[in-house]
Structure formats: C-alpha cells, structure tokens
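This is what each chain is made of:
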Amino acid sequence: MLENVRFIFIIDDDPVQTEMIKDYLGEKYIFELKTFENGEDAMPAIETLKPEIIILDYHLSAHNPAAKNGVELLKDIKLKSPASKVVMFSGQDNINIALDSMRNGAHDYIIKGETAFNKMENTINRLGEMHKLEAITISQKRTIVMLTIVISISLALGILYFFFGAPAFFHS
C-alpha cells in the first residue's frame, strides 16, 4: 500500500513556518505530508519511505545546536534516497549557500519571503511533471522490452519452421 503513497517531507525547525507550509501544500496537493524539525529525526523516515519531494530549510539548529545544516543534510539525503527531489527553502539570501545547495543536488533554492509559496508551488508542479515523464519513460522501456521478446520468439519460431518444417503434431 505504501508504494502508491506519494510523500512530501518538510524539514524546518520553525514550527510556525512548518505549519504554514503544511497547510499551504495540504490545500493544493494530494501528497502525504510529514514534518520534522531536524535532519536527524527525518533520516530514518527518508530511508524507509523515500519521499518524492523534500522541502528543506538551511538552518535547523534552533532546538539542537549540534543539528546538521541543510546542505550537510542534503548530501546525506542524496546518498540514502537519491530519487528524492530536494527543494531548499531558506531565509538565507546567500548566493554561496544557494550554489552549494544546487551543486549537491537541490532542484531549487527558494528564499523565504512574500512570493516564496508561489515559487514553491511552481517548483512542486514542475517536479510533478518530471515524475510523470519518468513514469512514462519507465513504462515505455518495459513495453519495448516485451515487444523485443515477442519479436525474438516469433523470429526464432519462424527460422525453426523454415529449416525443419512444421512439427509432427501439426500433421494430421
């Protein structure tokens, strides 16, 4: 049953921000939403549930000063769940952090502000389209493999018939 569930994880140490994101996404999408205040709490669930999308804050140390920052966590996520699409969602208007995030596999870097939720919605829509295209590609590859097998078997049977004639059980 869980293989049909699509997850978005929200990892942010600000409970008000987390609830706002959860409410906004909950109204717009049918994903199962899970929230975490730091990466250490999120990683076991990331490893088992393999969320499709992860909204990740950069600073996650409000409640745990030793917590990893978003880029460190992004590196861990890409090792444990490489197919998960990570969207950095941060108050850090710092080009170096944004570039570091993108170099380490983030699909977008959104700075918290008045247009951030619209940008997040656009990014999630784009990622959803990518997900559909990936699913279509997988389906097409399976179809090609099946057709190749059927054609190969038909060709082999045709060659056998050509060289050896019809099997005895076809003769009456």
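Preceding this section is the structure that the text describes.
Residues numbered from 1 in each chain as written. Predicted model: local features only at pLDDT ≥ 70, side-chain atom pairs only at ≥ 80, totals over all residues. Heavy atoms only, no water.

> Help me understand the pattern of salt bridges, please; the structure alone is not making it clear to me.
Where charged atoms of side chains with opposite charge meet at close range, the side chains can pair. Enumeration according to the criterion identifies 6 salt bridges in this entry. Two residues, Asp-12 and Lys-112, come together in a salt bridge whose shortest N-O distance is 3.1 Å. Taken together, the positions of Asp-12 in the loop between β1 (7-11) and α1 (15-28) and Lys-112 in the loop between β5 (106-111) and α5 (116-164) put the pair 100 residues apart, joining distant regions of the chain. Taking the relative accessible area as the measure of exposure, Asp-12 reaches 3% and is therefore buried. Lys-68 serves as the salt-bridge partner of Asp-76, at 2.3 Å between the closest nitrogen and oxygen. Assessed through its relative accessible area of 33%, Lys-68 is described here as partly exposed. Several salt bridges share partner residues, and in doing so they unite Asp-12, Asp-57 and Lys-112 into one network. (Salt bridge = Lys/Arg side-chain N within 4 Å of Asp/Glu carboxyl O. Helix = DSSP H or I, 4+ residues; strand = E, 2+ residues; numbered from the N terminus. Buried < 20%, exposed > 50% of the residue type's maximum accessible area, 1.4 Å probe, protein only.)

> Looking at this structure, I do not really get α1. What am I missing?
A turn of α-helix holds 3.6 residues, and therefore any two residues three or four places apart point the same way. Taking 1.5 Å per residue, 14 residues should reach 20 Å; α1 reaches 20 Å between its end C-alpha atoms and fits that length. Contacts from the buried residues of α1 go to β1, β2 (32-36), β3 (53-56), β4 (85-90) and α5. (Expected span 1.5 Å × (residues − 1). Contact = heavy atoms within 4.5 Å.)

> Help me understand unusual backbone geometry in this model?
For residues other than glycine, phi is negative in most cases, and the peptide bonds are mostly trans. The backbone of Lys-50 shows a phi angle near 45°, a positive value even though the residue is not glycine. Within the secondary structure layout, Lys-50 lies in the loop between α2 (39-49) and β3. What makes Lys-50 partly exposed here is its relative accessible area of 43%.

> Quick question: what am I supposed to make of the sheet that holds β2 here?
Strand pairing within a sheet occurs via backbone hydrogen bonds; the two strands may be parallel or antiparallel. Spatially, β2-β1-β3-β4-β5 is the arrangement adopted by the 5 strands of the open sheet, whose pairing is parallel. The open sheet has two free edges, formed respectively by β2 and β5, since each of these has just one partner strand. Neighbour-to-neighbour, the strand axes of this sheet turn through a mean angle of 15°, independent of strand direction. Pairing between β4 and β5: 5 bridges, direction parallel. When the bridges of β5 are listed, Met-88 appears paired with Tyr-109. Helix-sheet contacts for α2 involve β1, β2 and β3, and the interaxial angle to β1 is about 165°. Strands β1, β3, β4 and β5 of the sheet are contacted by α5, whose axis makes an angle of about 170° with β5. (Pairing = 2+ DSSP bridges. Axes fitted to C-alpha atoms, helices over the stretch in contact; angles between N-to-C directions.)

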